[in-house]
Amino acid sequence: MDPATPLSLRRARSVRPSRQARREAFWFHVLISPWIIGFLIFMLYPIVGSAYFSFTRYDVIHPPHWVGLANYAYLFTRDQLFWKSLRVTFTYVAVAVPLHLAVALALALLLNVRIIGMRALRTIYYLPTIMPQVATAMLWLFLFAPTYGVIDWALSAAFGIHGPDWLGSAHWVLPAFILMSLWGVGGPMVLFLAALQGVPNELYEAAQLDGASAWRQFRHVTVPMISPLILFNLIVGLIAASQIFATAFVMTQGGPDYASYFYNLALYNNAFVYFKMGLASAQAWILLAIVMMLTLLIFKFSARWVFYGSER
Amino acid sequence: MAGRKRRMRRILAAAVLLPGVLLILFPFYWMVASSVEHLAQIVRFPPELVPHPLDFASYPKGLTFLPFARYFLNTSEIAVLSTLGAVLSASVVGFAFARLHAPTKKFFFVLVLSTMMLPMAVLLIPQFVLFKTLGWVNTYLPLIVPAFFGGSAFLIFLFRQFFSSIPEEVFDAARIDGCGYPRLYWSIARPLAVPAFTAAAVFHFQFSWNDFLAPLIYINSNSKYTLALGIANFRSAYGATPWNQLMAVSLMMALVPITIFFFAQNYLLSGIVVSSR
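Cut-off values and rules
- The numbers attached to residues start from 1 for each chain and follow its sequence in the written order.
- Throughout, the order in which chains and ligands are written sets their labels, letters from A for the former and numbers from 1 for the latter.
- Where totals are concerned, whole chains, interfaces and linings use all residues; where local detail is concerned, this predicted model gives features only for residues with pLDDT of at least 70, and gives and counts side-chain atom pairs only at 80 or more.
- Only heavy atoms go into the side-chain values, all of them from the structure, while hydrogens and water stay out.
- What counts as a helix is a DSSP run of H or I of at least four residues, what counts as a strand is a run of E of at least two, and both are numbered from the N terminus.
- Using C-alpha atoms as the atom set, the radius of gyration is obtained and then compared with a globule rule of 2.2 Å times the number of residues to the power 0.38.
- Throughout this description, buried means an accessible area under 20% of the type-specific maximum (1.4 Å probe, protein chains only), exposed means over 50%, and partly exposed covers the range between.
- Contact definition: two residues touch when any of their heavy atoms are within 4.5 Å.
- Each accessible area is a Shrake-Rupley result for a 1.4 Å probe, and residues are judged covered by the shown protein chains and nothing else.
- We count Lys and Arg on the positive side and Asp and Glu on the negative side, and we leave His and both chain ends out.
- For charged residues, the charge sits on one atom: NZ in Lys, CZ in Arg, CG in Asp, CD in Glu.
- Accessible surface is computed with a 1.4 Å probe, and the buried area is the amount of it that two parts give up when combined, taken over both parts together.
- Any carboxyl oxygen of Asp or Glu that lies within 4 Å of a side-chain nitrogen of Lys or Arg is treated as forming a salt bridge with it.
- In this analysis, axes come from line fits to C-alpha atoms, helices being fitted only over the stretch in contact, and the angle between any two N-to-C directions falls in the range 0 to 180 degrees.
- For this classification, under 35 degrees means roughly parallel, over 145 means roughly antiparallel, 65 to 115 means roughly perpendicular, and everything else is oblique.
- Note that Gly is not counted as nonpolar here; it falls among the polar residues with everything else outside the nonpolar set of Ala, Val, Leu, Ile, Met, Phe, Trp, Tyr, Cys and Pro and the charged set of Asp, Glu, Lys and Arg.
- Every patch collects residues that have over 30% relative accessible area and no salt bridge, joining them within 9 Å if they carry like charges and within 5 Å if they are nonpolar side chains (Val, Leu, Ile, Met, Phe, Trp, Tyr).

1. Some points on the overall build of chain A
Item 1. Assigned secondary structure in chain A consists of 14 helices and two strands.
Item 2. Rg of the C-alpha trace for chain A: 26 Å, well past the compact-globule value of 20 Å for 312 residues, more than 25% over.
Item 3. Expressed along its principal axes, the backbone C-alpha trace of chain A runs to roughly 85 × 70 × 30 Å.
Item 4. Put simply, chain A has 312 residues, and 50% of those count as buried.
Item 5. Put simply, 65% of the contacts in chain A that link residues at least 6 apart link residues at least 24 apart.
Item 6. Total accessible area computed for chain A in this model is approximately 15,800 Å², and 66% of it derives from carbon and sulfur atoms.
Item 7. Of the side-chain charges in chain A, 20 are positive and 11 negative, and the distance between the mean point of each set is 13 Å.

2. Focus on the interface of chain A and chain B
Item 1. On the side of chain B, 91 residues touch chain A, which itself brings 86 residues to the contact.
Item 2. Counting each side, the surface lost to burial between chain A and chain B is near 8,300 Å², with a carbon and sulfur contribution of 81%.
Item 3. Where chain A touches chain B, the interface holds zero salt bridges.
Item 4. No other element matches helix α2 (residues 19–53) of chain A, which puts 24 residues into the side of chain A that touches chain B.

3. Observations regarding the packing of helix α3 (residues 70–77) of chain A against helix α14 (residues 277–305) of chain A
Residues and elements named next belong to chain A.
Item 1. Following both chains from N to C, one finds α3 and α14 inclined at 70 degrees, their axes separated by 9 Å at the closest point. Taken together, the axes of α3 and α14 lie roughly perpendicular to each other. Within the contact between the two elements, α3 uses Asn 71, Tyr 72, Tyr 74, Leu 75 and Phe 76 and α14 uses Gly 278, Leu 279, Ala 282, Gln 283, Trp 285 and Ile 286.
Item 2. In terms of residue class, the contact of α3 with α14 is built from eight nonpolar, three polar and no charged.

4. Concerning the pattern of salt bridges
Residues and elements named next belong to chain B.
Item 1. If you walk through the whole model with that rule in mind, you get two salt bridges over all chains.
Item 2. For Arg 175, the salt bridge identified is with Glu 168, shortest N-O distance 3.0 Å.
Item 3. By sharing partners, the salt bridges in this structure join Arg 99, Glu 168 and Arg 175 into a single network.

5. Details of a nonpolar patch on the surface
Item 1. A grouping of A:Ile37, A:Leu40, A:Ile41, A:Leu44 and A:Val48 is seen on the molecular surface, where their side chains present a nonpolar patch of about 400 Å² in accessible area.
Item 2. Structurally, A:Leu40 is set in helix α2.

Have a look at this one:
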């Protein structure tokens, strides 16, 4: 607002928005109303509903029966499979998420040089992320197959190692899932690549004039400049990895010996196989609490290493 | 000095990236190669790196063992209708967030973005109860109707970013002519947004085409299966694992999103980049 506007008029405006502003606000709400309605029906009601169900015994056929904290108490104190699924899922998250970030960033750094065919390379690395998860699952089930599987053949041909029985071994099934997930590293890589291309060249030139080594340029120019995207990929990766379902459902059903019994498999079985909707709702809320806590922790510590530029 | 360094970097890039490309491409190759082999060739050790002789029989066999033509139509119906709804509604909502002002705008925008972080599991059970009460279980409605209410937070964000980048002057002339907001969206903004519509449509189509969890929960009669359900069900229906047929049908399912990606990849990659800002 123009500073020359008389104070009385300014106050009048801030108290009573103009007719034009009110008309605009009216239309804003009309235009976003599909989302508001959808949010109320398909999100807010389910959030409140699953919170309520988590305190009940509920099999869909009979009305929910209030049991207080019994579901939570059962999960934490008596349900061995709940703890197992928690351990399996967060072991996977703890290894796969940092590994994805490191590999995606390394590939993006390498792809960020001008050589012929870079565009084609970028497309190829992105390709696996387009595959339907069910097709990916079938393909890797085949690649990991014992005796005639091509991965074990490659291991024996290249290193003379007798490959493990990947999906049939309680020790190797999680490494197998992590290996398979690396195939989809092109997703975060494309984002890193775009961020790298946005780093102004002058920063590197200045660093070179100061005699900074390649490592110091990476550490003190590249990493700070793309740190918002590292944070973004970290959080998106955490949320996605903690919800792994389709591949595990198709490939192992959680086996062998529950070694790949991911959190959402346990939840799905309770809800849609045993129709323990109350128990499954409690599981859903525990997952939400864990993911939210981790996200908040990451945000809290991100203040130390994420650099948002001077203009923001 | 600088020139030598740059050359070193290129050599390093090629030395890592080219073997990497082989690792990425090999599973695709193996999928194609196995689909044109006889089952006896597949279980042989060491495996045949180049299949010989070629046997295309697994395509007709696999695709007719279960009614995959039917599943193809089912999946297409769901994906096309839900994409239509998602793109239409997300573009209107995104337009409002980009070009209109209201005191509540920031609140709603933060709300939209925060829904991205919600684990699917929290919504799953009450949604199922809701759709069951409505009598929508074993119909495609739970897979289509929600898309008409804003698509997803990601699509809204994509459209909002795109519409924000259009210069204000484009709208000024129309506004002086007394053009209302709905017409501002329909006649001015929408025709300019072909790249955003393309990216959003492809993203949502792929999501819907590839979706497994929602069809698994809502569809239970065989004739209504989607491709994802059909393939997941193939082994137990067959009572064994005919890898050549499984690779053939998986490849046929994957071919649709891959083909679309190749035609739309420039729009897509810029769409992904926009969404991360």
